[in-house]
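Listed below are the residues making up each chain.
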Amino acid sequence: MQTQVPGSARTATYRINPWRTLRDKLATLSISAGGMGVLVAILLIFFYLLYEILPLFQGATIERRATFPVATLASAESPTLYLAMEEYGEIALRISADGVAQFFRSADGSNVLTETLPTGTAPVSSFAQDSETSRLFALGLEDGRVLVAQHDYRISYPDDQRHIAPRISYPYGSAPFLLTDAGPVRHLAVRDSDAALVVVGSSGGGRLYGRQWVKAEDFLSGDITVEERVLNVPDVDIKVSRLLLGPDQRWLYVFSKAGDFRVLDLREGEVVDSGRLFSAGSLVSSRLLLGGISVMVANDRGLISQWFMVNRSGEVPSFERVRDFRAATAVSALAVEHRRKGFVTVDAQGQLDIYYATSERHALREQVSDSGAVALAMGPRGDALLVEDQSGEVALWSIHNPHPEVSWRALWGTVWYESYPEPDYVWQSSSGSSDFEPKLSLSPLAFGTLKAAFYAMLIATPLAICGAIYTAYFMAPALRRKVKPLIETMEALPTVILGFLAGLWLAPFVEENLPGIFSILLLMPFAVLLFGYLWNTLPVGLRRYVPDGWQPLLLVPAVILTCWLCVAISPVLESMFFGGDMRIWLTNDLGVDFDQRNALVVGLAMGFAVIPTIFSIAEDALFSVPKHLSYGSLALGATPWQTLVGVVIPTASPGIFSALMIGMGRAVGETMIVLMATGNTPIMDANIFEGMRTLAANIAVEIGETEVASTHFRVLFLAGFVLFMFTFMVNTVAEVVRQRLRKRYGSL
């Protein structure tokens, strides 16, 4: 028998269904649009990070700006001793072997100022430069005298046009002073400082002569007086070819043409190290890098080496080779950058090579001439290069080399930095000195990130998972409805508050009660088990007064009492086992360094922040296990514990694993707690009593202080990209594992 639907009902159904269909479609479109929007936002973040990062790995480029013959310059027939450029690369200086200094425009060689240096009738026999930044230089003369001068540039803006007025000044007088009466000054080194001027020279062979002019400033008048002293410079057993003097005026580097070296300590007046620079070949060039700590030497076989003094504890300082670079053929000229640890070379075939010492990066190799170079001059900003080649031509090149400090080794490998006893992982992006060598290793930051996450998860995982199991499976429903929202509310607590409490209260508390803290971690499980044992020994009639599932409330006084007892006996434990101070005992007896803000504090504070996330997701997964599975297991004779281990946990394992991965992601990306509770020391040490610096905290600390588009700025974006990729990979692995667990246990 068929039932007839009234016409009015058919009309109502017809009217309702289109609206319902429309709403379903709108909801579907909205949800899809929201999901696509999230994916697009993530992709935009990914590509923006790449946009900021990719310039780090681009090589250098050069472009010829001008060319003119040396014949257009004054004293063109005399060899070039020195080439230099001012800040903007518009005016260049050439000092020739006949003592003529000419300032000319680097674009066309037109004369700006020509001055004959006051050397008297004695020919120039040697030349020495203090440093690229000071612009001080010295000329050694055939009669044993030395002239010290300096090139300066005054910049003005008449009619809003830049005008550069060069000049030669004589800070120690325009008259040359006598260095030695034993003959001409064949080789020379000069170094000036606020305290003294030191000049060391050689007349040939291994005989060395030195003078020091000590400056003293009158406290009342401000007048500066100079006292001349004779330096006790020991002779060397090699034929001197080149001399270099360090910025502290202590280390004198003496090189022979054959590649032998001697390092002299001018303070003690003795030779402290000797050896050979190369196993084969002869020395053709030597320069001090920015800061004067590293010495770059090049031979006639295309090998360029970096050397510096190494101080190790309990050992005599030694002059050691740090790293090597290779040119195509013999190096004809070498120049160093004024504000970075970079340098350039031109070989005998006219090929230009651009290197950066710290990162060992070879940024460019380009043909700039048909012959080797006679002299090179780098612009102070590193964006211009003046090359005088052996064919008598001068060329001005513009250089674009913005990020030479970055390489795979500099970011992730060990690097031997200046003044360090050995290669190491170091992050130190800035310093108060302009001679600073950037140390941009991400390894200690990545290690600190994993270290903080490990200790946080070590504390949070057992507490959160065990709490979720008990709450979902054993706790009374009425109590669960109160406990679960309370724990989830903890997640809303701002992490800056947790970091503030961890840094200002928890860290000093842990330091003062260190034995008590470890007593809590060790004794708390036994205290809970003891409470459970004592509870089970009580008469059944007494235990019935507490409803099933409400027993955890009785644990609260036991937990509080155990914590109080451990803290109370902490001084006693410290006196009995650790000589009255556990921190000193750790340092002196075990050799373990202790910092107040350390990984233990971070683990406690960040574990507290991660627990709600893991607990909430894991508890939902456990509680969502179908009840018929549990009831069936119990009906077959399994105990509640067997049912939990064999049925409930495997079924909920995908959700539990997701909870752990999300919690780990939260720990890895945490910023404020690790920023305020770790001490922010970028070191690679698994010691739980030492701090760390994480990638996220490092970005938060330094992003506001860096120059936009600088190497430091882009490396911070690279750190963010590393975090992004780490989170992506963890989530991907987590999803794969979750799907496999779901497939395996989904049939239960």
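Residues numbered from 1 in each chain as written. Predicted model: local features only at pLDDT ≥ 70, side-chain atom pairs only at ≥ 80, totals over all residues. Heavy atoms only, no water.

Asks: I'm lost on a nonpolar patch on the surface in this one. Help?
Replies: A surface patch of nonpolar side chains, about 580 Å² in accessible area, is lined by L493, V496, I497, F500, L501, L504 and F608. In this fold, L504 is placed in helix α5 (residues 495–512). (Patch = residues over 30% accessible without salt bridge, like charges linked within 9 Å, V, L, I, M, F, W, Y side chains within 5 Å. Areas by Shrake-Rupley, 256 points an atom, 1.4 Å probe, with all protein chains shown as cover. Salt bridge = Lys/Arg side-chain N within 4 Å of Asp/Glu carboxyl O. Helix = DSSP H or I, 4+ residues; strand = E, 2+ residues; numbered from the N terminus.)

Asks: Any chance you could explain the pairing of strand β16 (residues 251–255) here in plain terms?
Replies: In regular strands, side chains alternate between the two faces of the sheet. Most of β16 is tucked away, with five of its five residues classed as buried. Because side chains alternate across β16, one face comprises the buried residues W251, Y253 and F255, and the other comprises L252 and V254, equally buried. Bridge count for strand β15 (residues 242–245) against β16 is four bridges, and the pairing is antiparallel. Residue L244 lies in a different strand from β16, and its bridge partner there is Y253. Once β15 ends, the chain turns through five residues before running back antiparallel as β16, passing Q249 with a positive phi of about 60°. The pairing of β16 with strand β17 (residues 260–265) spans five bridges and is classified as antiparallel. Within β17, the residue paired with Y253 across the bridge is V263. Counting the residues in the hairpin turn of β16 and β17 gives four residues, including G259, whose phi is positive at 100°. (Buried < 20%, exposed > 50% of the residue type's maximum accessible area, 1.4 Å probe, protein only. Pairing = 2+ DSSP bridges.)

Asks: Which parts of the structure should I look at to understand the pattern of salt bridges?
Replies: Two side chains bearing opposite charge may form a pair once their charged atoms approach each other closely. This structure, assessed with the given rule, holds 32 salt bridges. As a salt-bridge pair, D265 and R250 come within 3.0 Å of each other at their nearest N and O atoms. One end of the pair, D265, is in strand β17; the other, R250, is in the loop between β15 and β16, and 15 residues separate them in sequence. A relative accessible area of 3% places D265 in the buried class. A cluster of three or more residues bridged by salt bridges with shared partners is formed by R480, K484, E488, E619 and D620.

Asks: Sorry if this is basic, but what is going on with the sheet that holds strand β22 (residues 318–326) here?
Replies: Working definition: the strands of a sheet are paired by backbone hydrogen bonds and lie parallel or antiparallel to each other. If you walk across this open sheet you meet the four strands as β19-β20-β21-β22, and the pairing is antiparallel. Two strands bound the open sheet, and with one partner strand each, they are β19 (283–288) and β22. Pairwise comparison of adjacent strand axes, ignoring direction, gives a mean angle of 25° for this sheet. Sheet analysis places strand β20 (residues 295–299) next to strand β21 (residues 303–310), joined by four bridges and oriented antiparallel. Paired with M296 across the bridge in β21 is Q306. (Axes fitted to C-alpha atoms, helices over the stretch in contact; angles between N-to-C directions.)

Asks: Before we go on, may I ask you to explain helix α6 (residues 514–537) in this structure?
Replies: Note: α-helices contain 3.6 residues per turn, so residues at a spacing of three or four share the same orientation. Its 24 residues give α6 an end-to-end C-alpha distance of 34 Å, which sits within 8% of 34 Å, the value for a rise of 1.5 Å per residue. Along its length, α6 reaches its greatest deviation from straightness, about 40°, at L523, and the proline P525 lies no more than four positions downstream. Taken residue by residue, α6 has L514, P515, G516, I517, S519, I520, M524 and W535 as its buried positions. The elements touched by buried residues of α6 are α5, α7 (540–543), α8 (552–568), α9 (570–577), α10 (582–588) and α11 (599–623). (Expected span 1.5 Å × (residues − 1). Bend = angle between axes of the 7 residues up to and from the residue. Contact = heavy atoms within 4.5 Å.)

Asks: Help me understand the sheet that holds strand β14 (residues 224–230), please; the structure alone is not making it clear to me.
Replies: With respect to topology, four strands assemble into an open sheet ordered β11-β12-β13-β14, the strand pairing being antiparallel. Of all strands in the sheet, those with a lone pairing partner are β11 (187–192) and β14, marking the two edges. Neighbour to neighbour, the strand axes of the sheet diverge by 15° on average, direction disregarded.

Asks: Any chance you could explain the environment of I520 here in plain terms?
Replies: Within the secondary structure, I520 sits in helix α6. According to the relative accessible area criterion, I520 is buried, its value standing at 17%. Spatially, the C-alpha atom of I520 lies 8.9 Å from that of L565, the residues being 45 residues apart in sequence. In contact with I520, other than residues within four places in its own chain, are P525, C563, C566 and V567.

Asks: Any chance you could explain the packing of aromatic side chains here in plain terms?
Replies: Each aromatic ring pair is described using two quantities: the centre-to-centre distance and the angle formed by the ring planes. A complete count under the given rule lists 30 aromatic pairs for this structure. Measuring from ring centre to ring centre gives 5.1 Å for Y253 and F319, while their planes differ by 35°; the resulting arrangement is tilted. Here F319 lies in strand β22 and Y253 lies in strand β16, a separation of 66 residues in the sequence. Taking the relative accessible area as the measure of exposure, Y253 reaches 2% and is therefore buried. A relative accessible area of 4% places F319 in the buried class. For the ring pair W307 and F319, a centre distance of 5.2 Å and an interplane angle of 25° mean the geometry is stacked. In this pair, W307 is assigned in strand β21 and F319 in strand β22, connecting sequence segments 12 residues apart. Side by side, W307 and F319 carry an identical accessibility label, which is buried. Directly above the ring of Y88 sits R162, whose terminal nitrogen or CZ lies 3.9 Å from the centroid. The positively charged end of K627 is found above the aromatic ring belonging to F623, 4.8 Å away from the centroid. (Phe/Tyr/Trp six-rings, centres within 6.5 Å; stacked < 30°, edge-to-face > 60°. Lys NZ or Arg CZ within 6 Å of the ring centre and 35° of its normal.)

Read these as geometric descriptors, not functional statements.
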